[in-house]
Amino acid sequence: MEAWIGAILSGILLGLVYGLAAMGLNLIWGVINVINLSHGAFIALGMFSAYFLFHFAGLNPFIAVALVLIIGLIIGMGAYFVALHRVLDAPELSTLLSTYSLSLIIIGLGTFIFTTNPRAIDIGLGSIGVAGIYIPISKILTGLFSVLFTVILYLFLYKTWTGKAIRAVSMNKSAAEFMGVNSIFILSLSFGIGIALAMIAGCLIAAIFPFTILSGSVYELKSFVICVLGGLGSPLGALIGGLILGLLENVFALKIPVGYIPFIEFMILVIILLVKPTGLITKR
Amino acid sequence: MKRGYTLIWLIPLILAISLLPVIAHSVIYRETIFLILMYITLAVSLNIILGYTGYVSFGHIVFYGIGGYTSFYLMYRFGVHLILAMIMGGILSAIIALIVGEAVLRLRGAIFAIATIGINEAIKSLVTNLQFLGGATGMFFNFKIYKTYGGAAKAIWFAYWIMVVVTIICLLTSYFIKNSKFGYGLFSIREDEDAAVVLGVNTKRFKSIAFAISAFFPGLVGAIFFFKAGNIEPDDAFHLVKSIEMIFMVMLGGFGTVSGPPIGALLYERLKGILLINPLFKNLHMAITGFILLIIILFAPGGIVGWFRNRFKKLRSLLE
């Protein structure tokens, strides 16, 4: 019984992190219909930003996250104009490859500068235990931050003018332009927010797990599964998809060999794509 | 239909390159040219589904892994001859492509790409868990296996010549597909699938066959490569980065053309060789590859061959 409760609790906490990691990919996929293959690279970039802010500026990742948000927004909007703007109307191969080449550049430079040695941030918050189940406080904080960012993103997309413009552009670009929306700005902003979310996720993950420059790709692959599970274009969907995946990993691990879990995850991905290519949970 | 002259220079060029290690008596040349031929076959076969049909198979390396594992297992467990094992590996890759294709080829665009990545990762983690295939550590050849071919040294030369034959067959296949009714069907799917259906192209069957053919050759290549290497493991056989390398070579040379992918493969191998030898660029080769890819995508989507075709109309019959 304790094993089950432990598995469910850590599944939920892990799921919240996964959800946050997938949110950026989800937003970009949903709004500008681009599958951002540089997502994992930006998660890794977020991890390293957290690492350097912690070691050189003494900033705790949970505080540094605000700074990482701004950095991510700037880099993301820049990346949109460098890599994406020219090919947005070209066939999908172009956007896949242009974002992938961004990823190659970031990871290539990262490997050159930081090497692939594993790193970790130890903020030493200890853990709390109830009835024999111990959970590190940093994991709980990360889970709370994931919920917080989901709420902020939701409020932004549904309650502010800019957020509404983003959703309008995602529904019908030319109609939104007629209503006076500057679609180029909105598209670059959406990409920027997506990248910022990826970097935030990286920054928070760095606080709980050790990482290398290559760690992002694991979360990127999981993010595909989550986006497909949770549906596109909604922050809540990403969080739900993340929770399903987190619970799956922890609860299945009690019953079947751990090695088979990736196989099951990717089979779920392929099967859902075949049955319902728009994702399992969709509104509209 | 009017045929061009691409094969007249392309096949002799490949043959000339292949004979180089014999003339120079050089083992180093043999290793380099083996890699070049391997890249050419991989790129040309991917081009059939990516360039001709317009379906972005992002996890195409899965077929190389399946062919490699099938033939390696047959040789390792039952002592099957390389040629037979290789053909079985290729056929199994093609059959799996037909089955998988039946399902995933219904998806279009980026969703298809993600599904192929998913398939590659799923099969990789499945193989990692199958104990009879050696699990995560893979399998190793006993040196006895090379005795059939007259010792390890001769076996490697044997693998080299098989690779030359496979490369040439693959190039011929790609050329004849492009200049056939089947090929025109594939191009019509690439340009506008719905219109192709209306025109009476059996798009479903065309796509499946194209996918199977483009899976067959990587299966052969995997068989030869892992025979020569003497060991196989999941991380090598299903490495997603290799998939990206294949796409890179096709895009660099010019997608949808016959001569583009071989040129792209040749250039990529040389580029990688130069960058890896240079101490300054050794660790930067990934970043540089990414940068070149970005430039191609943004400014010359037709690749090198596409650029030449646009610039010099007279070269068109030579560069198909």
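Before reading on, note that the structure itself is shown above.
Explain the overall build of chain B to me, using residue names and the numbers behind them.
From N to C terminus, chain B includes 14 helices and two strands. Over its C-alpha trace chain B gives a radius of gyration of 19 Å, about what one expects of a compact globule, namely 20 Å for 320 residues. Per-residue burial over chain B gives 52% buried out of 320 residues. Relative to all contacts within chain B whose residues are 6 or more apart in sequence, the contacts with residues 24 or more apart total 75%.

Tell me what's going on with the overall build of chain A, and back it up with residues and numbers.
Secondary structure summary: chain A contains 11 helices and two strands in total. Across chain A, helices and strands are ordered from the amino to the carboxyl terminus as α-α-α-α-β-β-α-α-α-α-α-α-α. Against the globule reference of 19 Å for 284 residues, chain A gives a C-alpha radius of gyration of 19 Å, in line with a compact fold. If one aligns the C-alpha atoms of chain A with their principal axes, the spans along those axes are about 60 × 45 × 35 Å. Residue burial in chain A is summarised as follows: out of 284 residues, 53% are buried. Taking the intrachain contacts of chain A between residues at least 6 apart in sequence as the baseline, contacts between residues at least 24 apart amount to 77%.

Before we move on, can you summarise the interface of chain B and chain A with the specific residues and values?
Many descriptions give the size of an interface as the accessible area lost when the pieces come together. Taken together, the 33 residues of chain B in the interface contact 34 residues of chain A. Sorting the residues of the side of chain B that touches chain A by element identifies α4 (82–104), α5 (109–129), α11 (240–253) and α13 (285–299) of chain B as the ones contributing at least two each. Of the residues contributing to the side of chain B that touches chain A, the split by class is 24 nonpolar, eight polar and one charged.

Talk me through the environment of B:Ile168; I want residue IDs and the actual numbers.
All names here are of chain B. Tracing the backbone through its elements, the reader meets Ile 168 in helix α6 (residues 152–178). We classify Ile 168 as partly exposed; it has 18 C-beta atoms within 10 Å. Not counting the four nearest positions on each side in its chain, Ile 168 is found in contact with Ile 11 and Ile 14.

Thresholds, definitions, all that
Note that residues are indexed from 1 along each chain, following the sequence as it is written. A letter from A marks each chain and a number from 1 marks each ligand, given out in the order of writing. Given that the model is predicted, a residue must reach a pLDDT of at least 70 before its local features are reported, and side-chain atom pairs must reach 80 or more before they are shown or counted; all residues, however, enter totals for whole chains, interfaces and linings. Put simply, DSSP H or I for four residues or longer makes a helix, DSSP E for two residues or longer makes a strand, and each gets a number counted from the N terminus. What the globule rule says is 2.2 Å times the number of residues to the power 0.38, and the radius of gyration is computed from C-alpha atoms. Residues are called buried when their C-beta atom has 20 or more other C-beta atoms within 10 Å, exposed when it has 12 or fewer, and partly exposed otherwise; all C-beta atoms are positioned from the backbone. We call two residues in contact if the C-beta atoms placed from their backbones are at most 7 Å apart. Residues are grouped as follows: Ala, Val, Leu, Ile, Met, Phe, Trp, Tyr, Cys and Pro are nonpolar; Asp, Glu, Lys and Arg are charged; every other residue, Gly included, is polar.

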